[in-house]
Amino acid sequence: NVIIETPYKSRNKFDYDKETGLFKFSKVIPTGMEFPCEMGFIPRTKGQDGDPLDALVLMDEITYPGCLVESRLLGVIKATQKAKGQKEERNDRFILVPANMEEYNHLKDIKDLNKNKIKAISCFFENYNRAEGKVFKLLEISGSKEANKLIKRSVLAK
């Protein structure tokens, strides 16, 4: 399951606010930029940055903040992120597709995706972070098996 924070093609960034349980408008990203896919998180996980794991759901339709999308894992973009004056930390992006949509049934692993799509997503995060004064560095692209291992290590106890 993935909870969407920011819809595909949006310039508005939203964040889940743990204290209120609501989705809060965060900012408008720079002109000429838009989110390349549905952006959200995997509930009940915790990444190195202290937040739930970042999830990118590839789909042609636009959802909305707070939408639950049952998804199938394709892989992960392993990356680090560093803000000025802070230490570099892992901040991977898990790549998924909707589980219950026929048009995505042929996608089983990240290697099934067009390489330009993954490159566009990586470039978006490099540019988005640069605009925020941060550095996003791609480490590796891994398939569903490795991505699943990383998620299992990040699941919080109930």
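See the structure above.
All of the points below concern the structure found in this document. (Residues numbered from 1 in each chain as written. Predicted model: local features only at pLDDT ≥ 70, side-chain atom pairs only at ≥ 80, totals over all residues. Heavy atoms only, no water.)

1. Here we look at the overall build of the chain
Okay, step 1: Along its length, the chain carries two helices and 10 strands.
Okay, step 2: A compact globule built from 158 residues would reach a C-alpha radius of gyration of about 15 Å, and the chain, at 15 Å, matches this within 12%.
Okay, step 3: In terms of overall dimensions, the chain has C-alpha extents of about 40 × 40 × 30 Å along its principal axes.
Okay, step 4: Per-residue burial for the chain yields a buried fraction of 44% across its 158 residues.
Okay, step 5: Relative to all contacts within the chain whose residues are 6 or more apart in sequence, the contacts with residues 24 or more apart total 66%.
Okay, step 6: Carbon and sulfur atoms make up 49% of the accessible area of the chain, which totals about 9,100 Å².
Okay, step 7: If the 28 positive side-chain charges of the chain are averaged to one point and the 23 negative ones to another, these points end up 5 Å apart. (Helix = DSSP H or I, 4+ residues; strand = E, 2+ residues; numbered from the N terminus. Rg over C-alpha atoms; globule rule 2.2 N^0.38 Å. Buried < 20%, exposed > 50% of the residue type's maximum accessible area, 1.4 Å probe, protein only. Contact = heavy atoms within 4.5 Å. Areas by Shrake-Rupley, 256 points an atom, 1.4 Å probe, with all protein chains shown as cover. Lys, Arg positive; Asp, Glu negative; His and termini not counted. Charge placed at Lys NZ, Arg CZ, Asp CG, Glu CD.)

2. As for helix H2 (residues 144-154)
Okay, step 1: Looking only at H2, the buried set comprises Ala147, Leu150, Ile151 and Ser154. Seen end-on, H2 carries its buried residues on one side only, within an arc spanning 100°. For H2, exposure combined with an orientation more than 90 degrees from the buried face picks out Lys145, Lys152 and Arg153.
Okay, step 2: On the buried face of H2, the contacting elements are strand S4 (38-42), strand S5 (53-57), strand S7 (71-83), strand S8 (89-90), strand S9 (93-98) and strand S10 (134-143). (Arc of directions from axis to C-beta.)

3. Considering a negative patch on the surface
Okay, step 1: Residues Asp60, Glu61, Glu102 and Glu103 make up a contiguous surface patch of negative charge.
Okay, step 2: As for its position among the elements, glutamate 61 is in the loop between S5 and strand S6 (68-69).
Okay, step 3: Note on glutamate 61: relative accessible area 53%, which makes it exposed. (Patch = residues over 30% accessible without salt bridge, like charges linked within 9 Å, V, L, I, M, F, W, Y side chains within 5 Å. Salt bridge = Lys/Arg side-chain N within 4 Å of Asp/Glu carboxyl O.)

4. Overview of the nonpolar core
Buried together is how nonpolar side chains tend to be arranged in soluble globular proteins.
Okay, step 1: Counting residues in hydrophobic clusters, the biggest one holds 38 residues, and the most contacted among them are Phe94, Ile95, Leu113 and Ile121.
Okay, step 2: Going through the elements one at a time, strand S1 (2-6), S4, S5, S7, S9, helix H1 (115-131) and H2 are the ones with two or more residues in this core.
Okay, step 3: Apart from residues no more than four positions distant in its own chain, isoleucine 95 is found in contact with Leu56, Leu58, Arg72, Leu73, Leu74, Gly75, Val76, Ile77, Ile110, Leu113 and Ile121. (Core = buried A, V, L, I, M, F, W, Y, C linked by side-chain atoms within 4.5 Å.)

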